[in-house]
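# Coordinates in review
Now for the letters of each chain:
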Amino acid sequence: MSQTPNGHDEFERHRELTQNQEVYRLRQEQDRLRAAQRRSRLAWVRNTIALLIGALEVLLSLRFFLRLSSANPDNPFARTIYALAEPFMWPFSTLFISPTSADATRIFDLNNLIAMIVYALLGGLAIALVNYFQGPGYQSR
């Protein structure tokens, strides 16, 4: 069975078309893989930001509660919480003078509440920026 030159050309065109389709599908799959890897990295960044801000909020909440309930500052637990929270409270330490009770044992630390609000807003802004870099098709879950 011999093929005519026209049949041979048709076979070559069909083979080339099939190869081009395979190359196109491979590029599409590579693009999908890159997009999935990018989404995965950005999701990790979002989760890390949320975890860090959440831990900071818990720390500052503990500090607020300890000061409000007049916990003994010499207690090891209270001392640890105060020491861990101090670097985060430094920018807010002289913002307001905190009201105290008559015997000055219970301290309503307004600066602590302001710090918690500011850090929560900054965390939300950071997550919004990551969502912005995610691209227009991102839907928050």
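Residues numbered from 1 in each chain as written. Predicted model: local features only at pLDDT ≥ 70, side-chain atom pairs only at ≥ 80, totals over all residues. Heavy atoms only, no water.

### Considerations on the pattern of salt bridges
Going through the model one piece at a time under the given rule, you end up with five salt bridges. E12 is the partner of R15 in a salt bridge, and the nearest nitrogen-oxygen pair spans 3.0 Å. In this pair, R15 and E12 both sit in helix α1 (residues 5-68), three residues apart, roughly one turn of the helix. For E12, a relative accessible area of 29% translates into the label partly exposed. Notably, a salt bridge pairs D109 with R67, separated by 3.5 Å at the nearest N-O pair. (Salt bridge = Lys/Arg side-chain N within 4 Å of Asp/Glu carboxyl O. Helix = DSSP H or I, 4+ residues; strand = E, 2+ residues; numbered from the N terminus. Buried < 20%, exposed > 50% of the residue type's maximum accessible area, 1.4 Å probe, protein only.)

### Observations concerning helix α3 (residues 110-134)
Between the first and last C-alpha of α3 there are 36 Å, a value that for 25 residues agrees with the 36 Å anticipated at 1.5 Å per step. Burial in α3 covers these residues: N111, N112, A115, M116, Y119, G123, V130 and Q134. Of the residues that open α3, the one with a side-chain oxygen 3.3 Å from the backbone nitrogen of N111 is D109. G135 occupies a position one or two residues after α3 and carries a positive phi of about 115°. (Expected span 1.5 Å × (residues − 1). Polar contact = N/O pair within 3.5 Å; in protein donor to acceptor, adjacent residues only side chain to side chain.)

### Some remarks on the packing of aromatic side chains
Tallied over the entire structure, the rule returns four aromatic pairs. For the ring pair F64 and F108, a centre distance of 5.5 Å and an interplane angle of 80° mean the geometry is edge-to-face. Taken together, the residues span a long stretch of sequence, with F64 in helix α1 and F108 in the loop between α2 (76-89) and α3 at a distance of 44 residues. Take F64: its relative accessible area is 14%, and that puts it in the buried class. With 5.7 Å between their ring centres and 65° between their planes, Y132 and F133 make a pair best called edge-to-face. By relative accessible area, Y132 is classed as exposed at 62%. An aromatic cluster is built from F88, F92 and Y119, whose rings are joined through pairwise contacts. (Phe/Tyr/Trp six-rings, centres within 6.5 Å; stacked < 30°, edge-to-face > 60°.)

### Brief notes about the environment of A120
Within the secondary structure layout, A120 lies in helix α3. Residue A120 is classed as partly exposed on the basis of its relative accessible area, which comes to 37%. Expressed as a C-alpha distance, the spacing of A120 and G54, which sit 66 residues apart in the sequence, is 8.3 Å. Leave out the neighbours within four places in its chain, and A120 touches I53 and E57. (Contact = heavy atoms within 4.5 Å.)

### So, the confidence of the model for the chain
Taken residue by residue, the chain gives an average pLDDT of 87. The fraction at 70 or more is 88%. Confidence, expressed as mean pLDDT per element, reaches its minimum in the chain at α1 with 90 and its maximum at α2 with 96. (pLDDT = per-residue confidence, 0-100.)

### Side note on a nonpolar patch on the surface
On the surface, L122, L125, L129, Y132 and F133 cluster together to form a nonpolar patch covering roughly 560 Å² of accessible area. Within the secondary structure, L125 is located in helix α3. (Patch = residues over 30% accessible without salt bridge, like charges linked within 9 Å, V, L, I, M, F, W, Y side chains within 5 Å. Areas by Shrake-Rupley, 256 points an atom, 1.4 Å probe, with all protein chains shown as cover.)

### Focus: unusual backbone geometry
The backbone of S70 shows a phi angle near 50°, a positive value even though the residue is not glycine. Within the element layout of this structure, S70 appears in the loop between α1 and α2. The exposure class of S70 is partly exposed, given its relative accessible area of 31%.

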